[in-house]
Structures are given as C-alpha cells and as structure tokens.
Amino acid sequence: MPKWKVVTEFSFNSAHYIKDYDGPCGRMHGHNYQVRIEAISTQLHSSQFCPHPVMVADFRTLRWAKQDVTKGGLDHCILNEVMPPEYETTAEMIAKYIYDETKKRVPPNVQLKVHISETPNSWVEYEE
C-alpha cells in the first residue's frame, strides 16, 4: 500500500509566560518558535484550495499557525491571551494545541506529528 509523508517547517514569533512558574519563565518573554509538521497518509486528498485529490494535506493548511494572530494564526501575539485556558503555554502544550487545531483542518485519516522548539537546543514532539 502506498504511503506519503509531507513535511513543512515554519516559524512564528510570540510572547508568553508560564503561570505560577518559579523562575524567569514565569515572567513575560518571547520566542521565535520553530515548527515542523509531518503529515502521513495512504491516500491523497483535495483541499480548500485545490479540488483534485492530489495531496496528503495542503501546505497552506498545515502552516495556519504561521499567520498573524489577526488572521487566525499565532504570530505576533501573547499566547496566554490567544490559546484556550486548557492549554498552558509550555512547549509541550503549544505543540499539542498546534496538533489539535491542525487535526481539525486535515482529512481524518491523515496522521500528524508536531515538532516545536523555543530555542535551538530545546524542543518537543507531539503525536497521537
């Protein structure tokens, strides 16, 4: 059975603080988040931008978080004010939030993996 994997990388800049954290991360600070999303499927699909079943998932759809916050993304915002309260703004929870929101935008049989880093030496991966 054929299998395709598409990968896209992008960055966004946002500020955040970790609620009740005893240390510098408890204060407002910013990151240039680097995101990598992998999408895997055994069949190809259409998208909101292309009516033909020729892609795993549209790169534009996978990169939604790269958009400015005024356009529905996470760029240039305060994450604590934008993300739902059930997602704390740790790298782990930001990765889960991006995963959950991306999953809503792709066909149901597409498997996702989200990799996000706050610094060049620290990152997290999330998949289900």
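Only a predicted model underlies this, so the values are computations on that prediction, with no experimental measurement involved.

Asker: Whenever I open this one, the pattern of salt bridges confuses me. Can you help?
Answerer: Where charged atoms from two side chains of opposite charge come close, those side chains can pair. On inspection of all chains with the given rule, the structure shows nine salt bridges. For the salt bridge of lysine 5 with glutamate 38, the shortest nitrogen-to-oxygen distance reads 3.5 Å. Taken together, the residues lysine 5 in strand S1 (residues 4–16) and glutamate 38 in strand S2 (residues 29–41) connect sequence positions 33 residues apart. Since its relative accessible area comes to 12%, glutamate 38 is described here as buried. The salt bridge involving glutamate 38 is made with arginine 36; its shortest N-O contact spans 3.3 Å. Residue classification places arginine 36 among the partly exposed residues on the basis of a relative accessible area of 28%. A network of salt bridges, in which partner residues are shared, links Lys5, Glu9, Arg36 and Glu38.

Asker: Explain the packing of aromatic side chains here, please?
Answerer: Scanning the model with the defined rule gives four aromatic pairs in all. Centre to centre, the rings of tryptophan 64 and tyrosine 97 are 6.2 Å apart; their planes meet at 75°, and the pair counts as edge-to-face. Linking tryptophan 64 in the loop between helix H1 (59–62) and helix H2 (79–82) with tyrosine 97 in helix H3 (residues 91–103), this pair joins segments that are 33 residues apart in sequence. When its relative accessible area of 9% is taken as the criterion, tyrosine 97 is described as buried. A ring pair is formed by tyrosine 87 and tyrosine 97, whose centres lie 5.0 Å apart and whose planes are at 70°; its orientation type is edge-to-face. Placement of the pair is tyrosine 87 in the loop between H2 and H3 and tyrosine 97 in helix H3, with a sequence separation of ten residues.

Asker: Help me out: how do you make sense of the UniProt feature "binding site: Zn(2+)" (unreviewed entry) in the protein in this one?
Answerer: In this structure's numbering, the residues bearing the UniProt feature "binding site: Zn(2+)" (unreviewed entry) are His16, His29 and His31. Separation in sequence by 16 residues is not matched in space for these annotated residues, since their most distant C-alpha atoms are only 8.3 Å apart. In this fold, histidine 16 is placed in strand S1. Take histidine 16: its relative accessible area is 1%, and that puts it in the buried class. What histidine 16 contacts, discounting residues up to four positions off in sequence, is Arg27, Met28, His29, His31, Tyr33, Leu79, Asn80, Thr89 and Glu118. Tracing the chain through its elements places histidine 29 in strand S2. When near neighbours in sequence (up to four residues on either side) are disregarded, histidine 29 contacts Ser14, Ala15, His16, Tyr17 and Pro24. A polar contact is formed between the side chain of histidine 29 and the backbone oxygen of arginine 27, at a distance of 2.8 Å.

What counts, and at which threshold
Residues numbered from 1 in each chain as written. Predicted model: local features only at pLDDT ≥ 70, side-chain atom pairs only at ≥ 80, totals over all residues. Heavy atoms only, no water. Salt bridge = Lys/Arg side-chain N within 4 Å of Asp/Glu carboxyl O. Helix = DSSP H or I, 4+ residues; strand = E, 2+ residues; numbered from the N terminus. Buried < 20%, exposed > 50% of the residue type's maximum accessible area, 1.4 Å probe, protein only. Phe/Tyr/Trp six-rings, centres within 6.5 Å; stacked < 30°, edge-to-face > 60°. UniProt positions renumbered as here; feature names shortened; annotations may be inferred. Contact = heavy atoms within 4.5 Å. Polar contact = N/O pair within 3.5 Å; in protein donor to acceptor, adjacent residues only side chain to side chain.

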